[in-house]
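# Remarks on the overall topology
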Amino acid sequence: MANYTEENLAEELENQEYKFGFVTPIDSDTIPIGLSEDVIRLISNKKEEPLWLLEHRLHAYNVWKTMEEPKWAHVKYKKPDFQNIAYYSAPKQSKKYESWDDVDPEMKATMAKLGISMEEQQRLTGVAVDFVMDSVSVATSFKEKLGELGIIFCSFSEAVQNHPDLVRKYMGTVIPTTDNYYAALNNAVFTDGSFCYIPKGVRCPMELSTYFRINAGGTGQFERTLVVADEGSYVSYLEGCTAPQRDENQLHAAVVELIALDNAEIKYSTVQNWYPGDKNGLGGIFNFVTKRGICHTNSKISWTQVETGSAVTWKYPSCILKGDHSIGEFYSVAVTNNYQQADTGTKMIHLGKNTKSTIISKGISAGKSQNSYRGLVQIHKSAKNARNFSQCDSLLMSSECGAHTFPYIECKNSTAKIEHEATTSKIGEDQLFYCKQRGIGEEKAIGLIVNGYCKEVLNQLPMEFAVEAQKLLTISLEGSVG
Amino acid sequence: MITIKNLHASIDGKEILRGLNLTVNAGEVHAIMGPNGAGKSTLASVLAGRDAYEITAGEVIFEGTDLLSLSTEDRAREGLFLAFQYPVEIPGVSNVNFLRTAINEIRAYKGEESLSAKDFMSLVREKSALVELDSKLASRSVNEGFSGGEKKRNEIFQMAMLAPKLAILDETDSGLDIDALRIVAKGVNQLKSPENAAIVITHYQRLLDYIVPDFVHVLYKGQIVKTGGKELALELEEKGYDWIKDAHPTV
C-alpha cells in the first residue's frame, strides 16, 4: 500500500459515481428468454457437455421446480420472473482464442477499463486472471506457467472438457445440487466460471483471480467456481465483480465450492461491487450466492469479503470443519447505502476434534439501507474441544438505516469454547469534528474512520485488493453521513 | 492574532456566550478561568467551529480573516488548533497516518507539496521526544486504549506536529497527575514563539505554575468580567470564584 497516497484517493473520489456502469458494445450470442428443459439442453449442447452433466442439470431443474424461494432473509424484493431472463449470453467470438492477440479489441478495452491486466509480461506482481463476461470465460492468463507446476487454472467449461474426472469427482460434494433454491437453479443453468486444482504439496506462486462481469441486458449470470487444494497445497484466490448501470434488476446466482484436503490451505477473497441500483433504489443486481468450503484434517479455509455492491445480497460463505484440527475463518465488510439490502454472514460447522473458527464481521449501513449479519456456529457431538470466536460490529451512518444481527449458536459438545462479541455504533460527530479540527476534510475523514473500522478485515486481503477495497469503501459512502 | 467582539452563542436555544470580547496578540499566552458552566469550553468549541452551537451575534477576526465564515477544517488549515478536553478515539487509524493526512491536507490548502515519508517520520521523532511520548504510541490507533495522561500528551504532540498559529488548550490539565502536567506544560512552553499565541482554558491555577500567562481573564456567565496579570490566578486560587459571582450578580 506504500505506493498509494492520499492524492490517489482524492483523484478517485472525483469520480464518485459507480464507475463500472458502462456497457461494452459487443455482439452477443444470447438465447431467447425463458427457462425449460429445452433451454437447459440448449445450454448443455452449446457447451458440448458430456451426458452426465446434462443429466445433472435436468435433475437439478426438476427438483428446483418443486422448491420454494426462501423467505427467512431480512430482505424485501420482487421475486425475479424466471421466464423473463435469458440464461445464456456470450460475447460473439470467432472461436476459442489461441492467444491473447486474438482477443477482440473491444473486449480488451473493457478489461482495461475494469483495471484488469491480462498481458502477462506487463504484470509486476503475479496474478493470474480468468475473465468471465456474462455466461462465458473470455480469457485466462498464466496458464502455461501454472501448468508447469501441475496447477490447473481454467474456465469451468474447459475443465469439463479437459479434466472431466476431477470435475465429476468434486463438483457438488460441498454444496449438494438441491442445497437451496438458488443453488438448485444454478446447478440447472450454470454457464461458466473458474476451475482450479492445486496438486499435492504445491504452493501456488501467484494469486489466482476471476473477474466476473455482467454486460448484456436481460440476462442473469449463473457461474460456478470450484477450487480443489490437494494435500499439503496452498492457494490464494481472488474474485471481483461489476456490472453495467441498468434500471432492471439482474440476477446473479453463483455457486462456489472449496475443497481443502489434508494439510491444505485456501484463502478466498472477494471484492463484490455489482451495480447497487441508483439513489432511489431503481435497478441493481440481485446477488444470491451460495459459497461453502470443506476442510479435511489439519487444513484451513479463510473467506474474506468486501461487499459494497448489489441491490440485494444474500450470501453466507461457510466452512464445514470435517477434519480434526481444521480451521475456518470468515472476515467480512458489508456496506449498504441508499436502498441497498444485505443479509450476509457465515456458517461454521464443527465436526472434527480441535477445530477452530473465527468470524469477524463489520457491517456499515448508510442512507435508507438495511444491513444484517446472519451467522451460525454449530458444534457437533464429535467436535471435542472446538473453539469459536465471533465478533460482529455494526456502524450506522444515518438515522434512517438499519443494522441487524442474527447470530445462531448450536452446541452439542460441552468441551466447546464459544465467544461472541457484538457492538453497534454510530459514526461519531465527535470523531468527525476531531478530524476536521486537525484540517482533514469531511470526505477524507469518513474514509479514515471507516477504513480504520474495517482494518482487521482489510488486513486479510492481498495488497492490491486491499487498496482497491479501501477506495471502494470511501466511494460507496460518499456524502452519506447524516 | 485574534479579536473576538461581542460574541453571542447558544446551544439548543440556551445562550451560553453573552457578549464576549477578547484580543490576543502574537507572542502572548492568555489564560481563561472561571467557574463551572461559565462558558469556557463553549468558547473553545465555537472558535473551532463545532456545529452544535449557533452564533447569534458578534464577530471573530483571526489573522485578518472572518473566522466564523470558515469551515472547521479551514480554520484548522489557517492555523487554529484545539487541544481537546476529551480527545476522541479513532480505532484502526494509526496516529501517524492520521497526522500525515492532516499535515498534507493543510499543506495542500496552502498550495505546498506533501511532506515526504522520510521528512514526516523525522518530524515525528523530534516532536514525540518533546512531549516524552513513547514512539510506540505514534504507531498505535489514535487515542485508542491511551491513558488519560497519554491522551493529553498526544494532543500536545499533535499540536507540535501541526505548529499552529493559535493554540487553544481546553482544560488540558484536567485528569493529569503532576508529572504529566509538567510534561504537557514543557511541551507548550517549548512551542511558544513570538509568532504564535495560546489561549489556555483552565479551572485551576495549578497549570499556570508551569505555563505562565501574560494575561488572566475570568469568564463568568458568558462574559469576561475581569482581566489581570498572572497574579489574578493566584487571587482566584485563594479566594475562589464567589467574590466574582457576588460582584456580577446580574451579568
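Here the structure is a predicted model, which means the values were calculated and not measured.

Another aspect to go through is the overall build of chain B. The helix and strand inventory of chain B stands at nine helices and 12 strands. A compact globule built from 251 residues should have a C-alpha radius of gyration of about 18 Å, and chain B, at 18 Å, falls within 12% of that. C-alpha atoms of chain B, sized along the principal axes, occupy 55 × 40 × 35 Å. Of all 251 residues assigned to chain B, the portion counted as buried reaches 55%.

Taken residue by residue, the interface counts 20 residues in chain A and 31 residues in chain B. Buried area between chain A and chain B, summed over both chains or domains, comes out near 2,200 Å², and the portion from carbon and sulfur atoms is 61%. If you sort the residues of chain A by the area they bury against chain B, Phe-433, Tyr-434 and Arg-438 of chain A come out on top, with a joint share of 35%. Along the contact surface separating chain A from chain B lie three salt bridges. Arg-50 of chain B is paired through a salt bridge with Asp-430 of chain A; the nearest N and O atoms lie 3.1 Å apart. In this structure, the connection of chain A to chain B is made through 14 residue pairs in polar contact (both at pLDDT 80 or more). Of all the secondary structure elements, the ones that give two or more residues to the side of chain A that touches chain B are α1 (6–14), α9 (429–437) and α10 (442–453) of chain A. Of the residues forming the side of chain A that touches chain B, the biggest block, seven residues, is contributed by α9 of chain A. When the residues that make up the side of chain A that touches chain B are grouped by side-chain class, the tally is seven nonpolar, five polar and eight charged.

Our focus in this paragraph is the pairing of strand β2 (residues 14–24) of chain B. Residues and elements named next belong to chain B. Of the pairings in the sheet, the one linking strand β1 (residues 2–11) to β2 comprises eight bridges and is antiparallel in character. Bridging across to β2, His-8 finds its partner in Arg-18. Linking β1 back to β2 in an antiparallel pair, the connection comprises two residues, with Asp-12 at a positive phi of about 50°.

Residue and element names in this part refer to chain A. In this structure the tally under the stated criterion is 23 aromatic pairs over all chains. Pairing Trp-72 with Trp-314 gives two aromatic rings, centres 5.7 Å apart and planes at 25°, and the pair type is stacked. Taken together, the positions of Trp-72 in the loop between α3 (51–66) and β2 (89–91) and Trp-314 in strand β15 (residues 312–315) put the pair 242 residues apart, joining distant regions of the chain. Residue classification places Trp-72 among the partly exposed positions, given a relative accessible area of 47%. With relative accessibility at 5%, the residue Trp-314 sits in the buried group. Each ring, one from Tyr-182 and one from Phe-288, has its centre 4.7 Å from the other, and the planes form 45°; the classification is tilted. Residue Tyr-182 is located in helix α8 (residues 181–189), and its partner Phe-288 is located in strand β13 (residues 284–295); the two are separated by 106 residues in the primary sequence.

Strands in a sheet are paired, the pairing made by backbone hydrogen bonds, and the direction either parallel or antiparallel. Residue and element names in this part refer to chain B. With mixed pairing, the six strands of this open sheet are ordered in space as β6-β9-β10-β3-β11-β12. In this open sheet, the two edge strands, each paired with only one partner strand, are β6 (80–83) and β12 (223–228). For this sheet, the mean inter-axis angle between neighbouring strands, taken without regard to orientation, is 20°. In this structure, β6 lies alongside strand β9 (residues 166–170), joined through four bridges in parallel fashion. Bridge pairing links Phe-81 to Ala-167 in β9.

Procedures and definitions
In every chain, residue numbers begin from 1 and rise along the written sequence. To read the labels, note that chains go from A and ligands from 1, taken in the order they are written. Totals for whole chains, interfaces and linings use every residue, but because this is a predicted model, local features are given only for residues with pLDDT of at least 70 and side-chain atom pairs only at 80 or more, for both listing and counting. By convention in this description, side-chain values take in all heavy atoms of the structure and omit both hydrogens and water. Think of it this way: any DSSP run of H or I at least four residues long counts as a helix, any run of E at least two long counts as a strand, and we number them from the N terminus. With C-alpha atoms as the basis for the radius of gyration, the globule rule is written as 2.2 Å multiplied by the number of residues raised to the power 0.38. For the exposure calls, accessible area comes from a 1.4 Å probe over protein chains only, and a residue counts as buried if that area is under 20% of its type's maximum, exposed if over 50%, partly exposed in between. Any two residues having at least one pair of non-hydrogen atoms within 4.5 Å are treated as being in contact. Summed over both partners, the accessible area (1.4 Å probe) lost when two parts come together is defined as the buried area. When a carboxyl oxygen of Asp or Glu lies within 4 Å of a side-chain nitrogen of Lys or Arg, that pair is called a salt bridge. Under the rule applied, a polar contact is a pair of N or O atoms within 3.5 Å (in protein, one hydrogen donor and one hydrogen acceptor; residues adjacent in sequence only if both atoms are side-chain atoms). Throughout, the ten residues Ala, Val, Leu, Ile, Met, Phe, Trp, Tyr, Cys and Pro are labelled nonpolar, Asp, Glu, Lys and Arg are labelled charged, and all others, Gly among them, are labelled polar. Being paired, for any two strands, means DSSP has found at least two bridges between them. Stacked, tilted and edge-to-face are the three classes applied to pairs of Phe, Tyr and Trp rings, where Trp contributes its six-membered ring and a pair requires centres within 6.5 Å; stacked means planes under 30 degrees apart, edge-to-face means over 60, and tilted covers the rest. With axes taken as lines fitted to C-alpha atoms, and helix axes fitted only over the stretch in contact, angles between N-to-C directions fall between 0 and 180 degrees.

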